[in-house]
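Residue-level structure breakdown
Residue strings, one per chain:
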Amino acid sequence: ARQDWFDDAIQLASELQQPNRAFHYAERARARAMHDALMAGTSARDTAAMTPSNWFALPATEELQRQIPENVQVLEYRVTTDTLWVWLLENDTLFVQRIALTARALEDTIQSFLQSVGARNYDEFRRRCKNDMAQVYNENRKIGKELFQLLLGVFANKLAREKYLYIIPDGMLHLVPWGALVDARNMFFDETYFWSKAPSLAILVSESNLGRRPPLSFDSKLLMVA
């Protein structure tokens, strides 16, 4: 119910043409969700001790933006019942896109992709690979391209390959293997961008080493297989 209030606030701020305020409510929603998760199962006595008075006193969007280095872009998502909100932030610009996509349709696409790449039924995945590896590969790329278009297509022309990209997912988007998505040039997302995930922009700018990144070079990319 609390999250619904934030979604209403995001919608209202958007209708008032206040994208910065809409983003601020999205950040507030993350702080509330994190707080509720931490408080789950704690006693009333401990809850009072664990709740700082400034828990939800987040900086304004403009202040957070000023702390984003010039070589960094941030994509933040908000999944609501009938809308997918996407913000692209740099230190001096903010773009917002409202995508008419229901949470159910998004989840179905994500689950199809996870099933296709073997994240849901590994034994079935092995059987399909043994029968026809090329078919499995092409199916994965097909769904990966569909998911890329859903999640990143609206900002594909604004994403800079020479910049670090931080993705801040929401809800089911945490399950997406972003690096396996396929862009319009038929390249895997991992082949094209330097990226990582973050829990929120407020946490990213306060806890990370955003301002101490080395120069970008594709020679420095590391492939890690677990």
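See the structure above.
Residues numbered from 1 in each chain as written. Predicted model: local features only at pLDDT ≥ 70, side-chain atom pairs only at ≥ 80, totals over all residues. Heavy atoms only, no water.

Here we look at the packing of helix α1 (residues 2-15) against helix α2 (residues 19-39)
At a minimum axis separation of 8 Å, α1 and α2 run at an interaxial angle of 170°. Classed by the angle they form, the pair α1 and α2 counts as roughly antiparallel. Of the residues in α2, those touching α1 at Arg 2, Gln 3, Phe 6, Ala 9, Ile 10, Ala 13 and Ser 14 are Arg 21, Ala 22, Tyr 25, Ala 26, Arg 28, Ala 29, Arg 32, Ala 33 and Asp 36. (Axes fitted to C-alpha atoms, helices over the stretch in contact; angles between N-to-C directions. Helix = DSSP H or I, 4+ residues; strand = E, 2+ residues; numbered from the N terminus. Parallel < 35°, antiparallel > 145°, perpendicular 65-115°, else oblique. Contact = heavy atoms within 4.5 Å.)

Some points on the side chain of Ser 200
Position of Ser 200 among the secondary structure elements: in the loop between β5 (194-197) and α9 (201-207). Among the polar contacts listed, one links the side chain of Ser 200 to the backbone nitrogen of Ile 203, at a separation of 3.1 Å. Among all residues touching Ser 200, those that are not within four sequence positions of it are Glu 27, Arg 30 and Ile 168. (Polar contact = N/O pair within 3.5 Å; in protein donor to acceptor, adjacent residues only side chain to side chain.)

Points about the pairing of strand β1 (residues 72-79)
Burial analysis of β1 places 8 of its 8 residues in the buried class, the great majority of the element. Residues Val 72, Val 74, Glu 76 and Arg 78 of β1 are buried on one face, and the alternating residues Gln 73, Leu 75, Tyr 77 and Val 79, pointing to the opposite face, are buried as well. Judged from the 5 bridges that link them, β1 and strand β4 (residues 164-168) form a sheet pairing that is parallel. Bridge pairing links Val 74 to Tyr 166 in β4. (Buried < 20%, exposed > 50% of the residue type's maximum accessible area, 1.4 Å probe, protein only. Pairing = 2+ DSSP bridges.)

Remarks on the pattern of salt bridges
Tallied over the full model, the rule gives 8 salt bridges. A salt bridge links Glu 139 to Arg 128, with the nearest nitrogen and oxygen atoms 3.8 Å apart. One end of the pair, Glu 139, is in helix α7 (residues 133-152); the other, Arg 128, is in helix α6 (residues 122-131), and 11 residues separate them in sequence. Here Arg 185 makes a salt bridge to Asp 183, at a shortest N to O gap of 3.9 Å. Given the relative accessible area of 4%, Asp 183 is considered buried. One connected set of salt bridges, linked through shared partners, spans Asp 7, Arg 78 and Asp 170. (Salt bridge = Lys/Arg side-chain N within 4 Å of Asp/Glu carboxyl O.)

Points about unusual backbone geometry
With a phi angle near 60°, Gln 17 is a residue other than glycine that sits in the positive phi range. Along the chain, Gln 17 falls in the loop between α1 and α2. Phi at Asn 186 takes a positive value of approximately 70°, unusual for a residue other than glycine. Following the sequence through the fold, Asn 186 ends up in the loop between β4 and α8 (189-192).

Here we look at α6
Taken as a whole, α6 has its buried residues at Phe 125, Arg 128 and Cys 129. Considered in projection along α6, the buried side chains sweep an arc of 100° and stay on one side of the axis. Among the exposed residues of α6, those oriented more than 90 degrees off its buried face are Asp 123, Arg 126, Lys 130 and Asn 131. Where α6 is buried, its residues meet α5 (103-116) and α7. (Arc of directions from axis to C-beta.)

Some points on the pairing of β4
When a strand is regular, its side chains alternate between the sheet's two faces. Counting buried residues in β4 gives 5 out of 5 residues, a clear majority hidden from the surface. Of the two faces of β4, both are covered, the one formed by Tyr 164, Tyr 166 and Ile 168 as well as the one formed by Leu 165 and Ile 167. Pairing of β4 with β5 involves 4 bridges; the strand directions are parallel. Following the sheet pairing, Leu 165 is matched in β5 by Trp 195.

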